[in-house]
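# Observations on the three-dimensional arrangement
As a plain string of letters, each chain reads:
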Amino acid sequence: MKALAKKNLADALALLAGQATVWVPAKVAGVTRFAPWSPAVTLDLEATPPAVSPKEILLPETESLYRYSAYGMDVTFEAVEQEVPPTIIWGIHSCDVQAILCQDDVFLSREPQDAAYAKRRAATTLVALACTTPGPDCFCTSMGLEPAEHASTDVQLHILTDGYGVEARTARGEEIVARLAEKGLLVETIEPPAKAQACTRAVNPEGIDKKLVEMFEHPYWDELAATCLNCGACTFLCPTCHCFDLTDHRRNAHEGTKIRCWDACMFTEYTVMAGGHNPRPGKKERVRQRFMHKLRYFPERYGKWQCTGCGRCVARCPVHIEITDVIKEVGEVTLDG
Amino acid sequence: MGEGQRELIPQSVTVTKIIDETPDVKTFYLALRDQGGRCSAPFHTLPGQLAMLSLPGVGEAMFSATDGGDHLQLSIKKVGRLTDELHEMAEGQQVGLRGPYGNGFPMTEMQGKNVLFIGGGIGLAPVRSVVRYCVDHRADYGKLHLVYGARTPADLIFLDDLTKHWPAVEDFTVSMTVDNGDDEWQGHVGFVPAYVEELRPEVANTVCVLCGPPIMIKFTLNVLRKLGFQPENIYTTLEMRMKCGIGKCGRCNIGHSYVCLDGPVYRLDQLHELPNEY
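Residues numbered from 1 in each chain as written. Chains lettered and ligands numbered in written order. Predicted model: local features only at pLDDT ≥ 70, side-chain atom pairs only at ≥ 80, totals over all residues. Heavy atoms only, no water.

This structure, assessed with the given rule, holds 37 salt bridges over all chains. In this structure, Glu277(B) engages Arg288(A) in a salt bridge whose closest nitrogen and oxygen atoms are separated by 3.3 Å. Separated into two different chains, Glu277(B) in the segment after helix H6 (268-272) and Arg288(A) in helix H9 (residues 283-302) make up a pair that spans both. Residue Glu277(B) is classed as buried on the basis of its relative accessible area, which comes to 3%. Of the charged contacts, one joins Asp24(B) and Arg151(B) as a salt bridge, the two residues approaching to 3.6 Å between their closest N and O atoms. Linking Asp24(B) in the loop between strand E1 (11-22) and strand E2 (25-33) with Arg151(B) in the loop between strand E9 (144-150) and helix H3 (159-165), this pair joins segments that are 127 residues apart in sequence. Its relative accessible area of 43% is what places Arg151(B) among the partly exposed residues. Residues joined by salt bridges that share partners form a network here, namely Glu63(A), Asp114(A), Arg120(A) and Arg260(A). (Salt bridge = Lys/Arg side-chain N within 4 Å of Asp/Glu carboxyl O. Helix = DSSP H or I, 4+ residues; strand = E, 2+ residues; numbered from the N terminus. Buried < 20%, exposed > 50% of the residue type's maximum accessible area, 1.4 Å probe, protein only.)

All names here are of chain B. As far as domains go, chain B holds domain 1 (3-101) and domain 2 (114-237). Between domain 1 and domain 2 lies a buried interface of about 1,200 Å² when both sides are counted; carbon and sulfur atoms form 57% of it. Our count for the domain 1 to domain 2 interface comes out at one salt bridge. At the boundary of domain 1 and domain 2, one finds three residue pairs in polar contact (both at pLDDT 80 or more). Contributing elements (two or more residues each) for the side of domain 1 that touches domain 2: E1, E2, strand E5 (59-67) and strand E6 (72-77). Split into classes, the residues belonging to the side of domain 1 that touches domain 2 amount to five nonpolar, eight polar and four charged. (Domains from an automatic or database assignment. Buried area = accessible area lost by both parts, 1.4 Å probe. Polar contact = N/O pair within 3.5 Å; in protein donor to acceptor, adjacent residues only side chain to side chain. Nonpolar A, V, L, I, M, F, W, Y, C, P; charged D, E, K, R; others polar.)

All right, on to the UniProt feature "binding site: [2Fe-2S] cluster" (unreviewed entry) in chain B then. As recorded in UniProt, the feature "binding site: [2Fe-2S] cluster" (unreviewed entry) lies at Cys244(B), Cys249(B), Cys252(B) and Cys260(B). On the basis of their most widely separated C-alpha atoms, the annotated residues across 17 residues gather in one place, lying no more than 10.2 Å apart. Assignment of secondary structure puts Cys244(B) in the loop between strand E13 (234-237) and strand E14 (253-254). Exposure remark for Cys244(B): the relative accessible area of 1% places this residue in the buried category. If we skip the residues at most four places from it in the chain, Cys244(B) touches Phe244(A), Leu246(A), Leu8(B), Arg98(B), Tyr101(B) and Cys249(B). Inspection of the secondary structure assignment puts Cys260(B) in the loop between strand E15 (257-258) and strand E16 (265-267). Residue class for Cys260(B) comes out buried when judged on its relative accessible area of 1%. Ignoring anything within four residues of it in the chain, the contact list for Cys260(B) reads Met62(B), Tyr101(B), Gly102(B), Met242(B), Gly245(B), Ile246(B), Gly247(B) and Cys252(B). (UniProt positions renumbered as here; feature names shortened; annotations may be inferred. Contact = heavy atoms within 4.5 Å.)

This part is about the nonpolar core. Ranked by size, the top nonpolar core spans 63 residues in total, and within it Ile118(B), Val196(B), Cys208(B), Leu210(B), Leu224(B) and Val259(B) carry the most contacts. Ranked by the residues each element gives to this core, the list is headed by helix H5 (residues 214-227) of chain B, at six residues. The residues touching Ile118(B), leaving out its near neighbours within four places in the chain, are Val127(B), Val147(B), Val192(B), Val196(B), Cys208(B), Val209(B), Leu210(B), Cys211(B), Met216(B), Thr220(B) and Leu224(B). The next biggest cluster of nonpolar side chains, apart from the first, holds 33 residues, and it includes Ala225(A), Cys265(A), Tyr270(A) and Phe291(A). (Core = buried A, V, L, I, M, F, W, Y, C linked by side-chain atoms within 4.5 Å.)

What follows concerns the interface of chain B and chain A. How big an interface is tends to be expressed through the accessible area that disappears when the partners come together. On the chain A side, the residues contacting the 44 residues of chain B number 50 residues. Carbon and sulfur atoms make up 54% of the area that chain B and chain A hide from each other, which totals about 3,800 Å². When the area that chain B buries against chain A is broken down by residue, the three leading residues are Lys248(B), Arg251(B) and Glu277(B), summing to 19%. At the surface where chain B touches chain A, the tally comes to seven salt bridges. Across the chain B-chain A interface, the total number found is 27 residue pairs in polar contact (both at pLDDT 80 or more). Every element with two or more residues in the side of chain B that touches chain A is listed here: E1, strand E4 (50-55), E5, strand E7 (94-101) and E15 of chain B. Its residues placed into classes, the side of chain B that touches chain A shows 16 nonpolar, 15 polar and 13 charged.

So, about helix H2 (residues 124-136) of chain B. Taking 1.5 Å as the rise per residue, H2(B) with 13 residues should run 18 Å; its terminal C-alpha atoms sit 18 Å apart, in good agreement. Here H2(B) has its buried residues at Leu124(B), Ala125(B), Pro126(B), Val127(B), Arg128(B), Ser129(B), Val130(B), Val131(B) and Cys134(B). (Expected span 1.5 Å × (residues − 1).)

Time to look at the sheet that holds strand E3 (residues 31-36) of chain A. Residues and elements named next belong to chain A. The mixed open sheet is built from eight strands, whose spatial order is E3-E2-E6-E7-E8-E9-E1-E10. The open sheet has two edge strands with one neighbour each: E3 and strand E10 (186-188). Adjacent strand axes in the sheet meet at a mean angle of 30° when their direction is disregarded. Sheet topology places strand E1 (residues 2-5) next to strand E9 (residues 163-168); four bridges connect them, and they run antiparallel. For Ala5, the partnering residue across the bridge sits in E9 and is Gly163. (Pairing = 2+ DSSP bridges. Axes fitted to C-alpha atoms, helices over the stretch in contact; angles between N-to-C directions.)

Any aromatic ring pair is given by two values, namely how distant the centres are and how the planes are angled relative to each other. Residues and elements named next belong to chain A. Inspection of every chain in the model, using the stated rule, returns ten aromatic pairs over all chains. Judged by centre distance (5.7 Å) and plane angle (75°), the ring pair of Tyr66 and Phe77 falls under edge-to-face. Note that Tyr66 is positioned in strand E4 (residues 62-71) and Phe77 in strand E5 (residues 74-79), a separation of eleven residues in sequence. Here Tyr66 and Phe77 have matching classes, each one buried. With a centroid separation of 4.7 Å and an interplanar angle of 50°, the aromatic rings of Phe298 and Tyr302 are classed as tilted. One end of the pair is Phe298 and the other is Tyr302, both in helix H9 and four residues apart, which spans about a single turn. With a relative accessible area of 1%, Phe298 lands in the buried category. (Phe/Tyr/Trp six-rings, centres within 6.5 Å; stacked < 30°, edge-to-face > 60°.)

All names here are of chain A. Interaxial distance between helix H1 (residues 9-17) and helix H5 (residues 171-182) falls to 10 Å at its minimum, and their mutual angle equals 120°. Accordingly, the angle class assigned to the pair H1 and H5 is oblique. When you trace H1 past H5, the crossing you get is right-handed. On the side of H1, the interface is formed by Ala12, Leu15 and Leu16, while H5 contributes Ile176, Arg179 and Leu180. (Parallel < 35°, antiparallel > 145°, perpendicular 65-115°, else oblique. Left-handed = near helix turned anticlockwise from the far one by under 90°.)

Structure, rendered in structure tokens:
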């Protein structure tokens, strides 16, 4: 296997950053999140996982879609052309690679595709980093993932004593590896890569998607939702939550921009209709929607869990509503008949 | 799906005609107008399909569309900020439009069958797109029967269709009712479900197209069941709040189904498979 020594990492990133925006996990104001690499960036490849996922790279928190104008009888709409540079996400873990596959299902798998997402996705190369020491809230193995590697990355980095094993998995990955090799940044090694330690959190979601079909009206949701603040932190941190709003950013009475920004099923206004009817009027309905979506509706529609076990919602929920508890408790519920 | 502009960016279209249907419902004709003044449809829709109408700086909302050949028709009730603004508009105004969205009614599957249309209030808008299709392809369908109800005689929409055009079509019965009559109203008074029961429409080889307020749908379904209609022969349309129209922004789901993409038309047996959350 080829290896990249830790001492060559900065050179490797600098080389790739010459031709692409290279997003790396970095300490930004004390929080580990993805940031475009520059020599000034403080890399943090140890965070498992980074506190903020790389979701925003493919689905920006806000983006401009088009400019509009309305003068008298005339209205115009003009697309805001997005500049999408070649992009590399370096150091993404299995959980977040899997989350991108979930986003691909939503934005690309059914016609019509989402053009802006498709453009960004097509420009993006994934360089995954093995995650060998899972954090206290991690449970990716319960959701069927392998923290040490992911099949759907372009390059897989393995953990070695003093560097990274480098394994290309796609033609795109081969290109990156070839560029690093060409500059003499890679050596051959026979060192076996580090294996992942077991996640300390473990649940068994097997069969709960089917069980949830029978649980829509179950009193469990009242109980679960009782303490929820509907703050939406879970949805914003979740690497698979994709819901968005389209709204007008008015420059003046006549002109403005239509923006897309993240939205969340935790908010009342999300589903309220003109005239006032709201099909999900209370906390119970909204909390139920979130977990049903992750564990039943998404599997029904796309054939995979919409939870990758990254544990971010577990870590940050202010009232400790934990999806691992939900999976466990749903599994334990006794159904009538 | 045909031509159209189903991505998120609207095109400018002109409101070429506005019809006052009732005190709170207007029908808007929307078209692309070339420099010679000739109109063409921004896109074509199947019966039951949707279009997203955009007022810059105000917002967007999804409406059932009826294909008018060289234009689209949207019949819109005043219920909120965007629809209030729409109702203030004059002919010649441009607005934004994108679509078509949604599945539409299965007009091919319905061929050879009788069709019972049941509409309540503004719910006649999606029903009308199906009626017009059946009338335009009259030989493909059996007997047609429309039962339509509104709150008062003043609230009946598409009066010309109801009283002139459709009764003149071969084998087409139009039955109207109002919840509350007035001094001039000679017709039936009563709620739609009870009227349907009273009319005892033909069930054999008949599909039912049912659109209206949720409460009317609920009670009408009870009646249809009593009359012997099977869920496989009943179609209805659902409404949810929508933003994108392409099954991605998340809010219009009922279970795994996105109303903007997989709906808004559902067969009752398919609807029974989904959570009761609409």
